[in-house]
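# Residue-level structural notes
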Amino acid sequence: MGLLSRLFNTGANPTGDHSMSLDIRSEVIRDEMVNVVGESNYQPAIRKACGWEPGTDTHFECFAELAPEPTNRHDPNAVRVDIDGACVGYLSRVDAVELGPAISEALAEHGAGLVRAVIAGRAAGETDNLGVFLHLRLGREIVPDDAD
């Protein structure tokens, strides 16, 4: 399963009859939360998306759309993160470089780059700003079935 399939959870998970195999292995998919950056600039959009109420802890699950911005004047590798059609931040420069090609490929192939997201914040935090985290399937490893 390639990065594109893992990133957007597309494609079939390969299965087969391994009963005759001497070296039985299993795939372990590693889900990773990727932090969105620049959220402090987009708090009105983030708060609207999750129906935020002042003084409350927030944990709101939703979908985010990833959109490469090759004409971004600050970074040609920039990847914008939208929720409900509004920008809520960007991937970090490192994540944008690493994931940008797979995101562009998904957009060309599927027409959308939707991923699961969480909007979160603590009422008793240092600020009342909310954060956005993307739930991505970034990697896998093959381990023997008898591994603990």
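Residues numbered from 1 in each chain as written. Predicted model: local features only at pLDDT ≥ 70, side-chain atom pairs only at ≥ 80, totals over all residues. Heavy atoms only, no water.

## Observations regarding the pattern of salt bridges
Definition in use: When a carboxyl oxygen of Asp or Glu lies within 4 Å of a side-chain nitrogen of Lys or Arg, that pair is called a salt bridge. Helix and strand definitions follow DSSP, with helices as H or I runs of at least four residues and strands as E runs of at least two, each counted in order from the N terminus. Exposed residues in this analysis have more than 50% of their type's maximum accessible area, buried residues have under 20%, and partly exposed residues fall in between, with area computed by a 1.4 Å probe over protein chains only.
Per the counting criterion, the structure on display carries 4 salt bridges. With a closest N to O distance of 3.6 Å, Arg 93 and Asp 75 form a salt bridge. With Arg 93 in helix 3 (residues 93-110) and Asp 75 in the loop between strand 2 (58-68) and strand 3 (79-83), the pair connects residues that are 18 residues apart, well separated along the chain. For Asp 75, a relative accessible area of 11% gives the class buried. Asp 82 is the salt-bridge partner of Arg 80, the closest N and O atoms lying 2.8 Å from each other. One connected set of salt bridges, linked through shared partners, spans Glu 69, Arg 80 and Asp 82.

## Some details on the environment of Gly 131
Here Gly 131 is to be found in strand 6 (residues 131-144). Classification of Gly 131 by relative accessible area gives buried; the value is 11%. A C-alpha to C-alpha distance of 9.6 Å links Gly 131 and Thr 58, two positions 73 residues apart in sequence.

## Focus: the packing of aromatic side chains
Stated formally: Two aromatic rings from Phe, Tyr or Trp, using only the six-membered ring of Trp, form a pair when their centres are within 6.5 Å; if the ring planes differ by under 30 degrees the pair is stacked, by over 60 it is edge-to-face, and anything between is tilted.
Summed over the entire model, instances satisfying the criterion amount to 1 aromatic pair. Measuring from centroid to centroid gives 6.5 Å for Tyr 42 and Tyr 90, while their planes differ by 55 degrees, and the two rings are tilted. Of this pair, Tyr 42 sits in the loop between strand 1 (25-35) and helix 2 (43-50) while Tyr 90 sits in strand 4 (residues 86-90); the two residues are 48 residues apart in sequence, bridging distant segments of the chain.

## Quick look at the side chain of Gln 43
This is how the line gets drawn: Any two residues whose heavy atoms approach within 4.5 Å are treated as being in contact.
Checked against the element boundaries, Gln 43 lands in helix 2. Not counting residues within four places of it along the chain, the set of residues in contact with Gln 43 comprises Asp 128, Asn 129 and Leu 130.

## Observations concerning the pairing of strand 2
For clarity, the cut-off: At least two DSSP bridges between two strands are required for those strands to pair.
Of the strand pairs in this sheet, strand 2 and strand 5 (residues 114-121) are connected by 8 bridges, and their pairing is antiparallel. Paired with His 59 across the bridge in strand 5 is Ala 120.

## What to know about the pairing of strand 4
Most of strand 4 sits out of view: 4 of its 5 residues are buried. One ladder, built from 4 bridges, connects strand 3 with strand 4; its direction is antiparallel. Residue Ile 83 lies in a different strand from strand 4, and its bridge partner there is Ala 86. In this antiparallel pair of consecutive strands, strand 3 and strand 4, the connection spans 2 residues, and Asp 84 shows a positive phi of 55 degrees.

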